[in-house]
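Remarks on the overall topology
The primary structure of each chain is shown beneath.
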Amino acid sequence: MIRFENVTKVYDQKARPALDSVNLEIDRGEFAFLVGASGSGKSTFLRLVLKEDRATSGAVYVAGQNVAKISSWRVPRLRRGIGVVFQDFRLLPQKNVFANVAFAMQVIGKSRSVIRDTVPEVLKTVGLEGKEHRMPHELSGGEQQRVAIARAVVNRPGILLADEPTGNLDPTTSMGIMGILDKINQNGTTVVMATHDDDIVNEMRKRVVELKNGVVIRDEAKALYTSMIPVVGQSRRLKDASGRETPDAGQPGEGEGQR
Amino acid sequence: MRLAFILSEIGSGLRRNLSMVVSVILVTFVSLTFVGAAGMLQMQINQMKGYWYDKVQVAIFLCSEGSTAAGCAGGPVTAEQQQSLNSLLESPAVAQYINDFQYESKDEAYKHFKDQFSNSPIVDSVTPDQLPASFRINMKDPEKYQIISETFASQPGVETVIDQRQLLERLFSVMNGASLVAVSIAGVMIVCAILLIATTIRLSAFSRRRETGIMRLVGASKTVIQLPFILEGVIAAVIGAALASATLWAVAHFFLGEYMSQQYPDTAFISSGQTLILAPALIILGGSLAGISSLLTLRRYLRV
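To start, this report covers the structure provided alongside it. (Residues numbered from 1 in each chain as written. Chains lettered and ligands numbered in written order. Predicted model: local features only at pLDDT ≥ 70, side-chain atom pairs only at ≥ 80, totals over all residues. Heavy atoms only, no water.)

Regarding the sheet that holds strand β5 (residues 65-66) of chain A
Residues and elements named next belong to chain A. Taken in spatial order, the 4 strands line up as β2-β1-β4-β5 in an open sheet, and their pairing is antiparallel. Across the chains shown, the open sheet's two edge strands, defined by having one partner strand only, are β2 (19-26) and β5. Pairing geometry for strand β1 (residues 2-9) and β2, over 5 bridges, is antiparallel. Within the sheet, the bridge partner assigned to Phe4 lies in β2 and is Leu24. (Pairing = 2+ DSSP bridges. Helix = DSSP H or I, 4+ residues; strand = E, 2+ residues; numbered from the N terminus.)

Spelled out as structure tokens, the structure:
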């Protein structure tokens, strides 16, 4: 569903690449965690999938299509096939729950009757039935994130990208959100989730792709947040006794993602 | 559905940005009024030129019933007098100065008069008998007017010889100057309007960046994202253009039509209906200026 072939992304010629010769394939219907410290390239990965940025070299395939070959007027079609959820929810504050979800359908020209049928259904999937007419500021963080998820999946995308969706939420609420993402995944949607939340990763036991300084240093099925098996040279140095990564003082941008 | 959505987006954009929208309307209104004023002056010049202005330079008016000029003591021009004037015009001595000439009968004169003064009350009180017949002469060199004048003024049956251009040219140069000034002011105001529209669209795009960000993410097309902003600018400019057209119509109707034509009944003025020709031009001009400037602004400030 998503395939990276030797992808390198350089933002600044003088600095190290944000992604360095990444090869990765995520299959249809898979659930993958993208872990790594801030600055390790997780967000760049997601941006490349969305064609928000173009790879400096290498090829990114989404649903079998090389995104570099998609002309700019067809990019919207690519994005219709991808749902996105963010840490900060990004709801429209002056629209109620129903209108926020309906907005995603209105702007791509869905008819009013389809919207009336689909939106309550999706809100039920994320566990928000009966809260259609609440405004975002009347909802808890977890509920707001559920609205955001509902908006991301209302057009039935094949891929759901989640950029630290539980970053602003407490552990219990986070588990609720994970339950929803898992349910969406069960329905056949490929889910890629960038996260720092070790408890969640350990709980879910899904595929884990670990990035460090733009390089994939681990790709394990049914894995934990940190590796059980010793990994190659350079990263072993960074593991402390508890198995967690220590902030590397020499690397700018690292460590700030630890909460 | 998509149309309804775009319309509601436009509505909310206009409401949220009301003071800027009002200023866009006013600036386009003032600038297009100046453009229209220049257009009206040109139309007025054309109106005053009448039928003959561009075709001939000199008119030899022949005696008619009520003529009081010295040369008309013998009453209205006779057929023989007219014939001899005609052959004089064709004689080599005169023909070397003129390209061609035409005879305008009383009936033709009346027809041309009616066309020129169609907006003036004077047209109803004039009959063909009151208008003189004339020879209209197209000079090879308009400066040689004196020669024609000296040759014909003393001929029997000639009431007067007039160089029409000389009468009107000074007035026209004043009016042309005025329309040049109007166009210059309009130019400055239009630059002002374009910049203001660009700023307004920028503000509007900024205040709705959440919405447009989400629209991009869920795959809304470029048209759906950009059209509301562009139409906002175009609608404001078109309202300004409509106000400008209404103002020009009011000037023509109340100032020229009711005041000036009473004061100067022997001058041909444009009618208020004629200014309506300017309205579509102003609306298209305003709308396209706004459309182009907002499109260029969006290319810089709205990622799609």
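That covers the picture; the talk isn't over yet.
Concerning the packing of aromatic side chains
The final tally for this structure, using the stated rule, is 7 aromatic pairs over all chains. Taking 6.2 Å as the distance between ring centres and 90° as the angle between the ring planes, the aromatic pair formed by Trp249 of chain B and Phe254 of chain B counts as edge-to-face. A cation sits over an aromatic face here: Arg90 of chain A above Phe86 of chain A, 3.7 Å from the ring centre. Lying over the aromatic face of Phe206 of chain B, Arg209 of chain B brings its terminal NZ or CZ to 4.1 Å of the ring centre. (Phe/Tyr/Trp six-rings, centres within 6.5 Å; stacked < 30°, edge-to-face > 60°. Lys NZ or Arg CZ within 6 Å of the ring centre and 35° of its normal.)

A few points about helix α5 (residues 141-153) of chain A
Relative to the 18 Å expected for 13 residues at 1.5 Å per residue, α5 of chain A spans 19 Å between its end C-alpha atoms, a close match to the ideal helical length. Listed as buried for α5 of chain A are Gly142, Glu143, Gln144, Gln145, Val147, Ala148, Ile149, Ala150, Arg151, Ala152 and Val153 of chain A. Residues of α5 of chain A that are buried in the fold lie against β6 (82-86), α3 (97-106), α4 (112-125), β7 (159-163) and α6 (171-186) of chain A together with α8 (209-217) of chain B. (Expected span 1.5 Å × (residues − 1). Buried < 20%, exposed > 50% of the residue type's maximum accessible area, 1.4 Å probe, protein only. Contact = heavy atoms within 4.5 Å.)

Description of empty space enclosed by the protein
Per the counting criterion, the structure on display carries 4 cavities of 30 Å³ or more. Surrounding the largest cavity, 13 residues form its lining, Val84, Arg151 and Ala152 of chain A together with Leu217 and Val218 of chain B being those nearest its centre. Of all the secondary-structure elements, those providing two or more residues to the lining of the largest cavity are α2 (75-80), β6 and α5 of chain A together with α8 of chain B. Considering only residue class, the lining of the largest cavity consists of 8 nonpolar, 2 polar and 3 charged. Each pocket or cavity is described by its volume, and for the second largest cavity that value is around 60 Å³. Along its surface, the second largest cavity is lined by Thr28, Ser31, Leu32, Ile190, Ala193, Ile194, Ile197, Ala237, Gly286, Leu289 and Ala290 of chain B. When residues of the lining of the second largest cavity are assigned to their parent elements, the largest contribution, 4 residues, is made by helix α7 (residues 164-207) of chain B. (1 Å grid on protein atoms, 1.4 Å probe; cavity = no way out; pocket = protein on both sides within 12 Å on 5 of 7 lines; lining within 4 Å. Points joined across faces, edges and corners; volume = space filled by probe spheres on them. Nonpolar A, V, L, I, M, F, W, Y, C, P; charged D, E, K, R; others polar.)

What about a negative patch on the surface?
Residues Glu65, Asp107, Glu108 and Asp129 of chain B make up a contiguous surface patch of negative charge. With a relative accessible area of 55%, Asp129 of chain B lands in the exposed category. (Patch = residues over 30% accessible without salt bridge, like charges linked within 9 Å, V, L, I, M, F, W, Y side chains within 5 Å. Areas by Shrake-Rupley, 256 points an atom, 1.4 Å probe, with all protein chains shown as cover. Salt bridge = Lys/Arg side-chain N within 4 Å of Asp/Glu carboxyl O. Lys, Arg positive; Asp, Glu negative; His and termini not counted. Charge placed at Lys NZ, Arg CZ, Asp CG, Glu CD.)

Here we look at the packing of α5 of chain A against α6 of chain A
All names here are of chain A. At a minimum axis distance of 10 Å, the contact between α5 and α6 shows a crossing angle of 15°. In terms of orientation, α5 lies roughly parallel with respect to α6. For the crossing formed where α5 meets α6, the hand is right-handed. Between α5 and α6, the contacting residues are Gly142, Gln145, Arg146, Ile149 and Val153 on the first element and Thr173, Gly176, Ile177, Ile180, Leu181 and Ile184 on the second. Partitioning the contact of α5 with α6 into residue classes produces 6 nonpolar, 4 polar and 1 charged. (Axes fitted to C-alpha atoms, helices over the stretch in contact; angles between N-to-C directions. Parallel < 35°, antiparallel > 145°, perpendicular 65-115°, else oblique. Left-handed = near helix turned anticlockwise from the far one by under 90°.)

Points about the pairing of β1 of chain A
In this structure, β1 of chain A lies alongside strand β4 (residues 57-62) of chain A, joined through 5 bridges in antiparallel fashion. Paired with Phe4 of chain A across the strands is Val60 of chain A, a residue of β4 of chain A.

Observations concerning the nonpolar core
Phe33 and Val107 of chain A are the most contacted members of the largest nonpolar core, which has 69 residues in total. For this core, the leading source of residues is helix α9 (residues 222-263) of chain B, giving 7 residues. Once you skip the residues sitting within four places of it in the chain, Val107 of chain A turns out to touch Phe5, Met215, Val218, Ala220 and Val224 of chain B. By size, the runner-up hydrophobic cluster in this structure holds 31 residues, among which are Phe4, Val7, Leu19 and Leu34 of chain A. (Core = buried A, V, L, I, M, F, W, Y, C linked by side-chain atoms within 4.5 Å.)

Focus on the packing of α9 of chain B against helix α11 (residues 278-301) of chain B
Residues and elements named next belong to chain B. Between α9 and α11, whose axes approach to 8 Å, the crossing angle comes to 155°. One element, α9, and the other, α11, form an angle in the roughly antiparallel class. Two packed elements cross with a definite hand, and for α9 against α11 that hand is right-handed. Contact with α9, carried on its side by Gln226, Phe229, Ile230, Gly233, Val234, Ala237, Val238, Ala241, Ala242, Ala244, Ser245 and Leu248, involves Leu278, Ala279, Leu282, Ile283, Gly286, Gly287, Ala290, Gly291, Ser294, Leu295 and Leu298 of α11 and no other residues of that element.

Some words on the interface of chain A and chain B
Facing the 26 residues of chain A at the interface are 19 residues of chain B. Surface buried jointly by chain A and chain B totals about 1,900 Å² across both partners, of which 60% is contributed by carbon and sulfur atoms. The largest per-residue losses of area from chain A upon contact with chain B belong to Arg79, Phe103 and Val107 of chain A, which jointly make up 29% of the total buried on that side. Seen at the junction of chain A and chain B, the total is 1 salt bridge. For the interface between chain A and chain B, the tally reads 4 residue pairs in polar contact (both at pLDDT 80 or more). Mapped onto the side of chain A that touches chain B, the elements with two or more residues apiece are α2, β6, α3 and α4 of chain A. Per-class residue counts for the side of chain A that touches chain B are 13 nonpolar, 5 polar and 8 charged. (Buried area = accessible area lost by both parts, 1.4 Å probe. Polar contact = N/O pair within 3.5 Å; in protein donor to acceptor, adjacent residues only side chain to side chain.)

Any link to function would need more than the numbers given here.
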